[in-house]
Amino acid sequence: MSPAAPDRSHDKKAPVFEARGLKKEYDDGQVQALRGVDFQIFGGEFVAITGPSGCGKTTLLQLLGALDQPSAGTLTYRGTSLAVMPDLAAYRAREIGFIFQAFHLLPTFTAEENVQMPMFETGRPISERRERAATLLKSVGLEHRLRHFPSKLSGGERQRVAIARSLANGPGVLLADEPTGNLDSENAHAILDLLSRLHEEQAMTLVLVTHDMTVARRASRAIQMHDGRVVFDGDPAQLPTISAI
(Lines give C-alpha, C1' and ligand atoms only; values in the text may rest on other atoms or scores of the structure.)
Protein backbone atom coordinates (compact mmCIF):
# COMPACT_ATOMS: atom_id res chain seq x y z
CA MET A 1 0.00 0.00 0.00
CA SER A 2 1.22 3.50 -0.82
CA PRO A 3 1.87 6.09 1.89
CA ALA A 4 -1.20 8.11 2.86
CA ALA A 5 -1.88 10.95 0.45
CA PRO A 6 -2.08 14.52 1.76
CA ASP A 7 -5.21 16.57 1.14
CA ARG A 8 -4.65 18.36 -2.17
CA SER A 9 -8.27 19.13 -3.00
CA HIS A 10 -7.49 22.87 -2.98
CA ASP A 11 -5.09 22.43 -5.95
CA LYS A 12 -7.97 22.14 -8.42
CA LYS A 13 -9.19 25.66 -7.66
CA ALA A 14 -6.18 27.42 -9.20
CA PRO A 15 -3.42 26.46 -11.63
CA VAL A 16 -0.45 24.62 -10.22
CA PHE A 17 1.56 25.80 -13.24
CA GLU A 18 0.78 28.69 -15.56
CA ALA A 19 2.92 29.74 -18.52
CA ARG A 20 2.48 32.91 -20.53
CA GLY A 21 4.62 33.69 -23.58
CA LEU A 22 7.29 31.26 -22.41
CA LYS A 23 10.44 31.31 -24.53
CA LYS A 24 13.79 29.57 -24.29
CA GLU A 25 16.74 30.37 -26.52
CA TYR A 26 20.25 28.99 -26.72
CA ASP A 27 23.46 30.10 -28.44
CA ASP A 28 22.58 33.81 -28.28
CA GLY A 29 19.22 33.28 -29.91
CA GLN A 30 20.43 30.98 -32.69
CA VAL A 31 18.40 28.06 -31.28
CA GLN A 32 14.80 28.69 -30.25
CA ALA A 33 13.67 25.75 -28.13
CA LEU A 34 10.41 27.41 -27.02
CA ARG A 35 8.70 30.13 -29.04
CA GLY A 36 5.97 31.63 -26.89
CA VAL A 37 4.22 28.83 -24.99
CA ASP A 38 0.96 29.35 -23.06
CA PHE A 39 -0.77 26.75 -20.86
CA GLN A 40 -2.20 25.97 -17.44
CA ILE A 41 -1.88 22.74 -15.46
CA PHE A 42 -4.25 22.16 -12.55
CA GLY A 43 -3.86 20.04 -9.46
CA GLY A 44 -4.48 16.33 -9.88
CA GLU A 45 -4.16 16.36 -13.66
CA PHE A 46 -2.22 13.73 -15.60
CA VAL A 47 -0.82 15.71 -18.51
CA ALA A 48 1.28 14.25 -21.30
CA ILE A 49 3.58 16.59 -23.21
CA THR A 50 4.25 14.99 -26.55
CA GLY A 51 5.79 15.71 -29.93
CA PRO A 52 8.81 14.73 -32.05
CA SER A 53 12.43 14.96 -30.94
CA GLY A 54 13.62 18.56 -30.77
CA CYS A 55 10.14 20.06 -30.41
CA GLY A 56 10.88 21.58 -26.98
CA LYS A 57 9.05 19.17 -24.68
CA THR A 58 12.04 18.26 -22.50
CA THR A 59 13.08 21.91 -22.34
CA LEU A 60 9.60 22.72 -21.08
CA LEU A 61 9.80 20.01 -18.41
CA GLN A 62 13.16 21.36 -17.25
CA LEU A 63 11.64 24.82 -16.83
CA LEU A 64 8.76 23.39 -14.78
CA GLY A 65 11.29 21.71 -12.51
CA ALA A 66 13.46 24.85 -12.25
CA LEU A 67 16.39 22.97 -13.77
CA ASP A 68 16.68 25.84 -16.27
CA GLN A 69 15.34 29.38 -16.62
CA PRO A 70 13.26 30.83 -19.48
CA SER A 71 14.66 33.50 -21.77
CA ALA A 72 11.34 35.38 -21.77
CA GLY A 73 7.76 35.06 -20.60
CA THR A 74 6.43 34.03 -17.20
CA LEU A 75 6.10 30.69 -15.44
CA THR A 76 4.36 30.47 -12.10
CA TYR A 77 3.97 27.69 -9.55
CA ARG A 78 0.87 28.07 -7.40
CA GLY A 79 0.75 31.75 -8.30
CA THR A 80 4.42 32.52 -7.56
CA SER A 81 6.82 33.24 -10.40
CA LEU A 82 9.73 30.82 -10.44
CA ALA A 83 11.90 33.77 -11.49
CA VAL A 84 11.46 35.40 -8.05
CA MET A 85 11.25 32.27 -5.92
CA PRO A 86 13.95 32.72 -3.24
CA ASP A 87 15.08 29.09 -2.92
CA LEU A 88 14.78 26.98 -6.06
CA ALA A 89 16.73 24.13 -4.46
CA ALA A 90 14.08 23.86 -1.76
CA TYR A 91 11.36 24.04 -4.43
CA ARG A 92 12.92 21.13 -6.30
CA ALA A 93 13.49 19.11 -3.14
CA ARG A 94 10.11 19.57 -1.49
CA GLU A 95 7.58 20.32 -4.22
CA ILE A 96 8.77 18.33 -7.24
CA GLY A 97 9.53 14.66 -7.86
CA PHE A 98 11.70 13.88 -10.90
CA ILE A 99 11.71 10.66 -12.94
CA PHE A 100 14.22 10.35 -15.79
CA GLN A 101 14.60 7.99 -18.72
CA ALA A 102 18.13 7.03 -17.65
CA PHE A 103 17.08 6.33 -14.01
CA HIS A 104 20.07 8.26 -12.54
CA LEU A 105 20.55 5.85 -9.63
CA LEU A 106 23.85 5.99 -7.76
CA PRO A 107 25.59 2.68 -8.54
CA THR A 108 27.42 2.30 -5.21
CA PHE A 109 24.26 2.70 -3.13
CA THR A 110 21.51 0.17 -2.53
CA ALA A 111 17.92 0.67 -3.64
CA GLU A 112 17.00 1.72 -0.11
CA GLU A 113 19.88 4.22 0.05
CA ASN A 114 19.03 5.68 -3.37
CA VAL A 115 15.46 6.33 -2.27
CA GLN A 116 16.73 8.10 0.85
CA MET A 117 18.84 10.62 -1.11
CA PRO A 118 16.22 13.40 -1.51
CA MET A 119 15.41 13.16 2.20
CA PHE A 120 18.79 14.52 3.19
CA GLU A 121 17.47 17.96 2.16
CA THR A 122 14.80 17.75 4.85
CA GLY A 123 16.98 16.72 7.79
CA ARG A 124 14.93 13.62 8.62
CA PRO A 125 16.60 11.30 11.16
CA ILE A 126 18.15 8.14 9.74
CA SER A 127 15.53 5.84 11.27
CA GLU A 128 12.74 7.82 9.63
CA ARG A 129 14.56 7.87 6.28
CA ARG A 130 15.00 4.11 6.34
CA GLU A 131 11.40 3.47 7.32
CA ARG A 132 10.03 5.75 4.60
CA ALA A 133 12.36 4.30 1.95
CA ALA A 134 11.21 0.78 2.84
CA THR A 135 7.56 1.86 2.68
CA LEU A 136 8.03 3.51 -0.71
CA LEU A 137 9.87 0.54 -2.17
CA LYS A 138 7.06 -1.69 -0.96
CA SER A 139 4.55 0.60 -2.67
CA VAL A 140 6.29 -0.03 -6.02
CA GLY A 141 6.59 -3.79 -5.43
CA LEU A 142 10.27 -3.91 -4.46
CA GLU A 143 10.19 -4.72 -0.75
CA HIS A 144 12.42 -7.73 -1.53
CA ARG A 145 15.08 -5.57 -3.23
CA LEU A 146 15.96 -3.06 -0.49
CA ARG A 147 19.59 -4.15 -0.18
CA HIS A 148 20.24 -4.70 -3.89
CA PHE A 149 22.53 -2.43 -5.89
CA PRO A 150 21.33 -1.01 -9.26
CA SER A 151 23.60 -3.39 -11.19
CA LYS A 152 21.65 -6.32 -9.73
CA LEU A 153 18.27 -4.90 -10.81
CA SER A 154 16.49 -5.14 -14.15
CA GLY A 155 15.64 -2.02 -16.13
CA GLY A 156 12.06 -2.12 -14.92
CA GLU A 157 13.19 -2.54 -11.31
CA ARG A 158 15.62 0.36 -11.59
CA GLN A 159 12.84 2.59 -12.87
CA ARG A 160 10.65 1.48 -9.95
CA VAL A 161 13.43 2.50 -7.55
CA ALA A 162 13.63 5.85 -9.36
CA ILE A 163 9.87 6.30 -8.96
CA ALA A 164 10.08 5.48 -5.25
CA ARG A 165 12.90 8.03 -4.92
CA SER A 166 10.78 10.67 -6.66
CA LEU A 167 8.14 10.24 -3.94
CA ALA A 168 10.59 10.51 -1.04
CA ASN A 169 9.56 13.98 0.15
CA GLY A 170 5.86 13.71 -0.68
CA PRO A 171 5.85 16.07 -3.67
CA GLY A 172 2.66 17.51 -5.08
CA VAL A 173 4.01 17.26 -8.63
CA LEU A 174 5.76 14.45 -10.50
CA LEU A 175 7.74 15.37 -13.62
CA ALA A 176 8.58 12.32 -15.74
CA ASP A 177 10.87 12.61 -18.78
CA GLU A 178 10.39 9.62 -21.11
CA PRO A 179 10.09 7.24 -18.12
CA THR A 180 9.48 4.22 -20.38
CA GLY A 181 12.05 5.12 -23.04
CA ASN A 182 14.68 2.58 -21.92
CA LEU A 183 12.24 -0.26 -21.23
CA ASP A 184 10.79 -3.09 -23.27
CA SER A 185 7.07 -3.04 -24.00
CA GLU A 186 6.12 -5.27 -21.08
CA ASN A 187 8.05 -3.22 -18.52
CA ALA A 188 6.90 0.03 -20.12
CA HIS A 189 3.27 -1.01 -19.71
CA ALA A 190 3.90 -1.98 -16.07
CA ILE A 191 5.59 1.36 -15.28
CA LEU A 192 2.72 3.30 -16.85
CA ASP A 193 0.24 1.29 -14.79
CA LEU A 194 2.29 2.06 -11.67
CA LEU A 195 2.48 5.78 -12.40
CA SER A 196 -1.26 5.92 -13.08
CA ARG A 197 -1.98 4.15 -9.78
CA LEU A 198 0.32 6.40 -7.76
CA HIS A 199 -1.12 9.48 -9.46
CA GLU A 200 -4.62 8.49 -8.34
CA GLU A 201 -3.70 7.27 -4.86
CA GLN A 202 -1.50 10.23 -3.97
CA ALA A 203 -3.68 12.87 -5.71
CA MET A 204 -0.54 14.24 -7.36
CA THR A 205 -0.17 16.29 -10.50
CA LEU A 206 1.67 14.16 -13.07
CA VAL A 207 3.37 15.74 -16.08
CA LEU A 208 4.91 13.17 -18.40
CA VAL A 209 7.02 13.88 -21.48
CA THR A 210 6.89 11.30 -24.26
CA HIS A 211 7.29 11.03 -28.01
CA ASP A 212 5.14 7.89 -27.97
CA MET A 213 1.52 8.62 -28.92
CA THR A 214 0.38 5.40 -27.23
CA VAL A 215 1.87 6.56 -23.94
CA ALA A 216 0.43 10.07 -24.36
CA ARG A 217 -3.06 8.65 -24.78
CA ARG A 218 -2.86 7.16 -21.27
CA ALA A 219 -3.02 10.70 -19.85
CA SER A 220 -6.18 12.64 -19.03
CA ARG A 221 -4.93 15.57 -21.13
CA ALA A 222 -2.31 16.01 -23.82
CA ILE A 223 -0.21 19.01 -24.83
CA GLN A 224 1.38 18.42 -28.23
CA MET A 225 4.36 20.49 -29.33
CA HIS A 226 5.97 21.17 -32.66
CA ASP A 227 8.92 23.48 -33.37
CA GLY A 228 8.79 25.01 -29.90
CA ARG A 229 5.08 25.80 -29.95
CA VAL A 230 1.93 24.22 -28.51
CA VAL A 231 -0.15 22.95 -31.44
CA PHE A 232 -2.72 20.90 -29.52
CA ASP A 233 -4.07 20.99 -25.98
CA GLY A 234 -6.94 18.71 -25.10
CA ASP A 235 -8.33 15.18 -25.06
CA PRO A 236 -5.54 12.63 -25.79
CA ALA A 237 -8.02 10.57 -27.81
CA GLN A 238 -8.11 13.46 -30.30
CA LEU A 239 -4.33 13.80 -30.68
CA PRO A 240 -3.42 14.48 -34.31
CA THR A 241 -0.50 12.70 -35.90
CA ILE A 242 2.62 14.77 -36.47
CA SER A 243 2.13 14.56 -40.24
CA ALA A 244 -1.25 16.25 -39.80
CA ILE A 245 0.22 19.30 -38.09
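In this text the structure is predicted, and so the values were computed from the model without any measurement.

Examining the pattern of salt bridges
Then, number 1: Under the definition given, this model contains 9 salt bridges.
Then, number 2: Note that Lys24 is salt-bridged to Asp68, the shortest N-O span being 3.1 Å. One end of the pair, Lys24, is in strand E1 (residues 15-26); the other, Asp68, is in the loop between helix H1 (57-64) and strand E4 (72-77), with 44 residues separating them in the sequence.
Then, number 3: You can call Lys24 buried: its relative accessible area is 9%.
Then, number 4: Glu201 is the salt-bridge partner of Arg197, the closest N and O atoms lying 3.1 Å from each other. With Arg197 and Glu201 both in helix H6 (residues 185-202) and 4 residues apart, the pair spans about one turn of that helix.
Then, number 5: Taking the relative accessible area as the measure of exposure, Arg197 reaches 30% and is therefore partly exposed.
Then, number 6: Overall, the relative accessible area of 38% leaves Glu201 in the partly exposed class.

So, the nonpolar core
Then, number 1: In this structure, Val115, Leu137, Val140, Val161 and Ile163 are the most contacted members of the largest nonpolar core, which totals 40 residues.
Then, number 2: Of all elements in the fold, only strand E3 (46-50), helix H3 (111-116), helix H4 (126-139), helix H5 (155-166), strand E7 (173-177), H6, strand E8 (205-210) and helix H7 (213-216) reach the threshold of two or more residues within this core.
Then, number 3: Ranked by residue count, the leading element in this core is H6, at 6 residues.
Then, number 4: The next biggest cluster of nonpolar side chains, apart from the first, holds 30 residues, and it includes Leu22, Leu34, Phe39 and Leu64.

A few points about the sheet that holds strand E6 (residues 96-100)
Then, number 1: The mixed open sheet is built from 6 strands, whose spatial order is E6-E7-E8-E3-E9-E10. Looking at which strands have only one partner, the edges of the open sheet turn out to be E6 and strand E10 (229-234). Shown here is a sheet whose adjacent strand axes are inclined to one another by a mean of 15°, direction ignored.
Then, number 2: Bridge analysis of E3 against strand E9 (residues 221-226) gives 4 bridges, and the strand direction is parallel. Considered in E9, the bridge of Ala48 is made with Ala222.
Then, number 3: Sheet contacts for H1: E3, E7, E8 and E9; angle to E8, the most-contacted strand, approximately 150°.
Then, number 4: Lying on the sheet, H6 is in contact with E3, E6 and E8; it crosses E8 at an angle near 155°.

Reading the values: the criteria
- Residues numbered from 1 in each chain as written.
- Predicted model: local features only at pLDDT ≥ 70, side-chain atom pairs only at ≥ 80, totals over all residues.
- Heavy atoms only, no water.
- Salt bridge = Lys/Arg side-chain N within 4 Å of Asp/Glu carboxyl O.
- Helix = DSSP H or I, 4+ residues; strand = E, 2+ residues; numbered from the N terminus.
- Buried < 20%, exposed > 50% of the residue type's maximum accessible area, 1.4 Å probe, protein only.
- Core = buried A, V, L, I, M, F, W, Y, C linked by side-chain atoms within 4.5 Å.
- Pairing = 2+ DSSP bridges.
- Axes fitted to C-alpha atoms, helices over the stretch in contact; angles between N-to-C directions.
- Contact = heavy atoms within 4.5 Å.

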